[in-house]
Amino acid sequence: MSETIFTPPLQTPADTPASPPRPGLLDRVKRVDRVLAVILALIFILAVLNRDQAGASILFVADAYGFIAPFFLMSVLAAAWTKATGLDRQIARAFTSRPMTAIFLAALFGAFSPFCSCGVVPIIAGLLGAGVPLAPVMAFWIASPLMDPQIFILMAAVFGLPFTVFKAAAAVVMGLGAGYGTHVLVARGAFADPLKGAVTSCCGARKKALEGAPVEWGFWRDRDRMTLFRDESRTIGWFLFKWLTLAFLIESLMVTYIPADQVGRWLGGGEWWTIPAAVMVGVPAYLNGFAAIPTIDGLMDLGMAPGPAMAFMIAGGVTSIPAAMAVWALVKRGTFLWYIVLGLTGSLLAGMLAQAVLG
């Protein structure tokens, strides 16, 4: 009896499982981090056109991070910690239950906290990521870059108490106006979920899985919570790092090629349009922190009136282009536009009132 030998059928090309297609050039380009690509391209162009400026810009970025590094790490880790422990829901409830008090304290604390307009961005990300309502965050956001204890002392020595106290009061009032105005709009349904999805989407599924769970202070004992802490720190940290790096690079070029003292001389007259012009020009001129004091002092010695000087100083502190870039990356369009409107309107009103009171 002969054996029957089984021979498997030959596979035709149509029967062979199709391998996944290789990504094309366009798909690979889409996967490239655009912000990182712009940073590298900007450094490369600077190195080709002006090697000295390229080195100076890199040092400027390093110095900027040297200043905000503690605040950056603190805000990123605090945001991740509150999410991993589940404390963010408790914080949100506490701020929601007494919003008026929260706004008042946020504006007062912000006016005397040591954060510049770019340094405050990681703190804002941490607060919004922790679930703090937008109204007290906006109060802190607007007031914080305008004044701190060291600047108050230096300004009092250079400009005298009336000008200095006026700017400190303007910081508090602008923060209060921003907070209470935002609270009214939020109550009417505006600015729901202000953070962009790019900041929170990576850990969204795991965070939803923890919703309803009690606060767990020892989050490291829970694998899901510990993973959420690591993912949240990495996601927010990298997102803010690349955008702030680009912002600081552009700031270094603005400081070099748009000297604030020259711009200020154009605004030294007493015409009616000098205050609105000071607000609009103060944004790209980037007057912030300690650098604003000798610049404005020199401009006032040349005849610049108190109104344009105040508007110029406040606009450069609140809505500078580098800070606005970081804010644009952080929050949705409606929230960003509201932040710009608050900064420009507050600067204009402060300048007009300063001219009436101090001029």
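Up top you'll find the structure we're talking about.
Cut-offs and rules
All chains use their own residue numbering, which begins from 1 and follows the written sequence. Owing to the predicted nature of the model, reporting of local features is limited to residues with pLDDT of at least 70; listing and counting of side-chain atom pairs is limited to 80 or more, with chain, interface and lining totals taken over all residues. Values shown for side chains rest on all heavy atoms present in the structure; no hydrogens or waters enter the calculation. What counts as a helix is a DSSP run of H or I of at least four residues, what counts as a strand is a run of E of at least two, and both are numbered from the N terminus. For each residue, the accessible area found with a 1.4 Å probe, counting protein chains only, is set against the maximum for its type, and the residue is called buried under 20%, exposed over 50%, and partly exposed in between. By the convention used here, residues are in contact when the closest approach between their heavy atoms is within 4.5 Å. Only the protein chains shown count as cover for residues, and the accessible areas themselves come from Shrake-Rupley with a 1.4 Å probe. Salt bridges are defined as contacts in which a side-chain nitrogen from Lys or Arg sits within 4 Å of a carboxyl oxygen from Asp or Glu. Patches here: salt-bridge-free residues with over 30% relative accessible area, like charges joined within 9 Å, nonpolar side chains (Val, Leu, Ile, Met, Phe, Trp, Tyr) joined within 5 Å. The rule is short: rings of Phe, Tyr and Trp, with Trp giving its six-membered ring, pair when the centres are within 6.5 Å, and they are stacked under 30 degrees, edge-to-face over 60, tilted in between.

On a plain count of helices and strands, the protein comes out with 18 helices and zero strands. Looking at the protein as a whole, 47% of its 359 residues qualify as buried. Of the contacts made within the protein by residues no fewer than 6 positions apart, 83% connect residues no fewer than 24 positions apart. A total accessible area of about 18,400 Å² is found for the protein, and carbon and sulfur atoms account for 69% of it.

With that settled, consider the environment of tryptophan 217. Relative to the elements of secondary structure, tryptophan 217 occurs in the loop between helix H11 (204-210) and helix H12 (223-257). Taking the C-alpha atoms as reference, tryptophan 217 lies 8.6 Å from leucine 87; in sequence the two are 130 residues apart.

Glancing now at the pattern of salt bridges. On inspection of all chains with the given rule, the structure shows two salt bridges. In this structure, the salt-bridge partner of lysine 332 is aspartate 193, at a minimum N-O distance of 3.7 Å. Of this pair, lysine 332 sits in the loop between helix H17 (321-330) and helix H18 (333-358) while aspartate 193 sits in the loop between helix H9 (161-187) and helix H10 (197-200), and the two are 139 residues apart along the sequence. A relative accessible area of 54% means that aspartate 193 is categorised as exposed.

Before going further, it helps to examine a nonpolar patch on the surface. On the surface, a nonpolar cluster with roughly 370 Å² of combined accessible area is contributed by Leu36, Leu40, Trp238 and Phe241. Listing elements by their share of the nonpolar patch, those giving two or more residues are helix H2 (34-49) and H12. The residue tryptophan 238 is located in helix H12 in this model. What makes tryptophan 238 partly exposed here is its relative accessible area of 39%.

We now examine the packing of aromatic side chains. One pass over the structure, following the stated rule, counts 13 aromatic pairs. Aromatic side chains tyrosine 65 and phenylalanine 248 sit 5.4 Å apart centroid to centroid with 85° between the ring planes, which places their arrangement in the edge-to-face category. Linking tyrosine 65 in helix H3 (residues 51-85) with phenylalanine 248 in helix H12, this pair joins segments that are 183 residues apart in sequence. With respect to burial, tyrosine 65 and phenylalanine 248 carry one shared label: buried. Measuring from centroid to centroid gives 6.4 Å for phenylalanine 336 and tyrosine 339, while their planes differ by 45°, and the two rings are tilted. Of this pair, phenylalanine 336 and tyrosine 339 both sit in helix H18, three residues apart, roughly one helical turn. The same class applies to phenylalanine 336 as to tyrosine 339, namely buried. What links up through ring pairs into an aromatic cluster is the set Tyr65, Phe72, Trp238, Phe241 and Phe248.

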